[in-house]
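Structural description and commentary
Listed below, chain by chain, are the residues.
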Amino acid sequence: MAKYENTLIGNFDAFLHKLDNGILRGSASASFEDGSDYRSGDIRCAVRVYERYSMIGSNRVSINITLIGNGDDLFLSAITSGGSQAIFFKINTMGEKSFLNRVIDLVEDYKRENR
């Protein structure tokens, strides 16, 4: 399991759209598994789960994205899972890290674009 969290300033919908497009276009095998949206006043929360095949590990990995927004203040949490072929402990987590690095790149791109 790998985790990345970050805070940023921006438009909730635009950033969520960028993440969705970037993840799905980042790998031919990437798929949107499910999602959930919640809103209470100015507070918004979007949860997304994506999955893709990892050539490196010859297995599937998933990433859970949680985006919370309060106006232009955004908080992102991205957590990967899967990818290991061992029974009692994790080995070969390169696929998870690669999937997570895609999200990190998208966040950094968004931050540069919105300075």
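A brief structural summary. These figures come from a predicted structure and were not determined experimentally. (Residues numbered from 1 in each chain as written. Predicted model: local features only at pLDDT ≥ 70, side-chain atom pairs only at ≥ 80, totals over all residues. Heavy atoms only, no water.)

Considering the overall build of the protein
Formally: By the criteria applied, helices consist of DSSP H or I runs no shorter than four residues and strands consist of E runs no shorter than two, each listed in order from the N terminus. Accessible area is worked out with a 1.4 Å probe on protein chains only. A residue is then buried under 20% of its type maximum, exposed over 50%, and partly exposed in between. When checking whether two residues touch, look at their non-hydrogen atoms; a contact exists if any pair is within 4.5 Å. Only the protein chains shown count as cover for residues, and all accessible areas are computed by the Shrake-Rupley method using a 1.4 Å probe.
A tally of regular secondary structure across the protein gives two helices and five strands. Its helices and strands taken in sequence order, the protein reads β-α-β-β-β-β-α from the N to the C terminus. Here the protein holds 115 residues, and 37% of them are scored as buried. Residue pairs at least 24 apart in sequence account for 53% of intrachain contacts in the protein once pairs closer than 6 positions are excluded. Total accessible area computed for the protein in this model is approximately 6,600 Å², and 51% of it derives from carbon and sulfur atoms.

As for helix H1 (residues 12–25)
What counts, and what does not: Given a helix with a known number of residues, its expected span is that number minus one, times 1.5 Å. The reported arc concerns the directions from the helix axis to the C-beta atoms and nothing else. Distance and chemistry together define a polar contact, namely a pair of N or O atoms within 3.5 Å, with one atom able to donate a hydrogen and the other to accept it when in protein, and with adjacent residues in sequence counting only for side-chain atoms on both sides.
Compared with an ideal rise of 1.5 Å per residue, which puts 14 residues at 20 Å, H1 spans 20 Å between its outermost C-alpha atoms and is within 8% of the ideal. Every buried residue of H1 is listed here: Phe 12, Phe 15, Leu 16, Lys 18, Leu 19, Gly 22 and Ile 23. Looking straight down H1, one finds that the buried residues subtend no more than 155 degrees of arc, so they occupy a single side. With a side-chain oxygen positioned 3.0 Å from the backbone nitrogen of Asp 13, the residue opening H1 is Asn 11.

Quick notes on the side chain of Ser 62
By the element assignment, Ser 62 lies in strand S4 (residues 59–70). A polar atom in the side chain of Ser 62 sits 2.8 Å from the side chain of Ser 81.

Overview of the nonpolar core
As a reminder of what qualifies: Grouping buried Ala, Val, Leu, Ile, Met, Phe, Trp, Tyr and Cys residues that are joined through side-chain atoms within 4.5 Å yields what is termed a nonpolar core.
Among the nonpolar cores identified, the biggest contains 23 residues, and Phe 15, Ile 63, Ile 65, Leu 76 and Val 103 are the most heavily contacted of them. Elements with a contribution of two residues or more to this core: strand S1 (3–9), H1, strand S3 (43–54), S4, strand S5 (73–82) and helix H2 (94–113). Here this core gets six residues from one element, more than from any other, and that element is H2.

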